[in-house]
Structures are given as C-alpha cells and as structure tokens.
Amino acid sequence: ISWTTPLFVEEGGRVQVITVAETWIMSYDLADGDVLWKSAGTNYGNISTPVAADGILYVGSGLREGQVQAIRLDGAEGDISGSSSILWSFDKFLPYVSSPLFYDGFLYFLKDKHGFLTCLDAATGEAHYANKRIGIR
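The notes below deal with the structure included here. (Residues numbered from 1 in each chain as written. Predicted model: local features only at pLDDT ≥ 70, side-chain atom pairs only at ≥ 80, totals over all residues. Heavy atoms only, no water.)

## Observations concerning the sheet that holds strand S9 (residues 86-90)
Heads up, the condition is: Strand pairing is assigned whenever DSSP detects at least two bridges linking the two strands. Here a strand is any run of E in DSSP of at least two residues, a helix any run of H or I of at least four, and the numbering for each starts at the N terminus. For helices, the axis comes from a line fit to the C-alpha atoms of the stretch in contact; other axes are also lines fit to C-alpha atoms, and the angle between any two N-to-C directions lies between 0 and 180 degrees.
A sheet is described by the order of its strands in space; here 4 strands give the open sequence S5-S6-S7-S9, paired in antiparallel fashion. At either end of the open sheet lies a strand with only one pairing partner, and these are strand S5 (51-53) and S9. Across the sheet, the mean angle from the axis of one strand to that of its neighbour is 20 degrees, orientation sign disregarded. Pairing geometry for S5 and strand S6 (residues 56-61), over 3 bridges, is antiparallel. Across the sheet, residue Ala53 finds its bridge partner in S6, namely Ile56.

## What to know about unusual backbone geometry
Test applied: The rule is simple: take the accessible area with a 1.4 Å probe, protein chains only, and divide by the maximum for that residue type; under 20% is buried, over 50% is exposed, in between is partly exposed.
Phi angles above zero are rare outside glycine, and Asp54 is one such case at about 55 degrees. Tracing the sequence through the fold places Asp54 in the loop between S5 and S6. Phi at Asp104 takes a positive value of approximately 50 degrees, unusual for a residue other than glycine. Among the secondary structure elements, Asp104 is positioned in the loop between strand S10 (101-103) and strand S11 (106-110). Overall, the relative accessible area of 62% leaves Asp104 in the exposed class.

## Here we look at the sheet that holds S11
Strand order in the open sheet made by the 4 strands is S10-S11-S12-S13, with antiparallel pairing throughout. At either end of the open sheet lies a strand with only one pairing partner, and these are S10 and strand S13 (127-133). Strand-to-strand twist across the sheet, computed as the mean angle between neighbouring axes with direction ignored, equals 20 degrees. In the sheet, strand S12 (residues 116-121) pairs with S13 via 4 bridges, with the strands oriented antiparallel. Its bridge partner being in S13, Phe116 is matched across the sheet by Arg133.

Rendered as structure tokens:
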C-alpha cells in the first residue's frame, strides 16, 4: 500500500518516475515505463513523499521501524538494496505522514504527527539536531 505522490526526477538525460510502496522504492523510465532500479527499505503504509536534490533521492517512513535513506540516482540500476547507491540511512525520530524538506544542504522532517523536528546533514546523514520540540503558538 502506498499513499505517496510519485516524484519525477531528471537524471542522466532521462526522466525517472519514482514511487514508494509497501516493500519497494521503484524508479521507472518515463519514456518507456521500464524499471530502472528498485530498493528495499520502506515499510507498510508509507505516506511520506520523497524529495530529490543534487542527484540524491531522500525517501523514508517511520511506521513500524522504518528508515530514511539517501539514494544516489547516478548509476543506480537493478536492485540497489544494500549497494553503494544507498549513501546513508537514519532510523530514529522518523516521519510517517510528513514529507521531508531539503534546504541548503540539510534534510528536515517531523516525527510522525507530534511536532518534533529532526535536521540531518543531507550529505552524511549525521544529525544536526534530532527530535527537537517545536513551539506551537
């Protein structure tokens, strides 16, 4: 089951349609519909929509022990699960519903629906801060 919106990303001269479902992240060639690559690492009920910047895809969900992954799009082909195309993963304080935001080299996401913000260095996956309560006025 997937409730995410497909993401369209141009990489290497072709447009990829990236979808996130119950067990796989899949990339399709928009021109002919062929599967370009796939990766395990998602889980049941993924709602968070992926985001891409500078040739890297950031995708993940926090329902039932999920993770956020950074995936290098250049050179991704076939089943990339556990390959060097997966640059890093992070498995704490994860988004379930909210989609991540990429800004100025950092990846931001809210834990579930509870108002706790995490900020990761998008290049390394290291936490700049994690699970920080945001004020509501």
